[in-house]
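Spelled out from the first residue to the last, the chains are:
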Amino acid sequence: MSIKRYGTPTKPGALPFSKAAGADGWLFVSGQVPRDADGEIVTGNITVQARVTLENLKKVLESAGYSLEDVVRVNVFLDDPRDFAGFNKVYAQFFTAEHAPARVCVQAMMMSDLRVEVDCVAYKKD
């Protein structure tokens, strides 16, 4: 078994971690947050931040050759649990009922202006 790593950040202070690591068909995606291409936090309400976060998650999956349909587990961390309904509206645009992964959603104290963080585990037969 070999472990493959994807998207190791180059920004100082971000190391050591990979955006994703995979082995034997499994892919473990690190927590994604609402950051733009320059690494800046995208501010806004939960729907704005959820969309950017889930787009970032999708990009990491695709960079490793996976898709949202390969996701088997999602962990959602919300700064404010009252944001769940707004988050879920956006989430439903990314994960359909047909390919709905198992999901956990918990409240977490977030850094700075983050309202949401999402990680996942995906599987695809080699």
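Let me sum up the structure you'll find in this document. (Residues numbered from 1 in each chain as written. Predicted model: local features only at pLDDT ≥ 70, side-chain atom pairs only at ≥ 80, totals over all residues. Heavy atoms only, no water.)

1. Side note on the overall build of the protein chain
- Scanning the protein chain for helices and strands turns up 2 helices and 6 strands.
- Ordered by position from the N terminus, the helices and strands of the protein chain form the series β-β-β-α-β-α-β-β.
- Computed over the C-alpha atoms, the radius of gyration of the protein chain is 14 Å, within 12% of the 14 Å expected from 2.2 N^0.38 for a compact globule of 126 residues.
- Taken along the three principal axes of its C-alpha coordinates, the protein chain extends 40 × 40 × 20 Å.
- Every one of the 126 residues in the protein chain was classed for burial, and the buried ones make up 40%.
- As presented, the protein chain carries roughly 7500 Å² of accessible surface, and 53% of it is formed by carbon and sulfur atoms.
- Of the side chains in the protein chain, 15 bear a positive and 16 a negative charge, and the two mean positions are spaced by 1 Å. (Helix = DSSP H or I, 4+ residues; strand = E, 2+ residues; numbered from the N terminus. Rg over C-alpha atoms; globule rule 2.2 N^0.38 Å. Buried < 20%, exposed > 50% of the residue type's maximum accessible area, 1.4 Å probe, protein only. Areas by Shrake-Rupley, 256 points an atom, 1.4 Å probe, with all protein chains shown as cover. Lys, Arg positive; Asp, Glu negative; His and termini not counted. Charge placed at Lys NZ, Arg CZ, Asp CG, Glu CD.)

2. Quick look at the pattern of salt bridges
- Taken as a whole and judged by the stated rule, the model has 2 salt bridges.
- Put simply, D80 and R82 hold a salt bridge, and the shortest N to O gap is 2.9 Å.
- Taking the relative accessible area as the measure of exposure, D80 reaches 18% and is therefore buried.
- For D83, the salt bridge is made with R115, and the minimal N-O distance between the two is 2.8 Å. With D83 in the loop between β4 (71–78) and α2 (84–94) and R115 in the loop between β5 (102–107) and β6 (116–123), this pair connects stretches of sequence that are 32 residues apart.
- For R115, a relative accessible area of 27% translates into the label partly exposed. (Salt bridge = Lys/Arg side-chain N within 4 Å of Asp/Glu carboxyl O.)

Nothing here speaks to function; it is geometry throughout.
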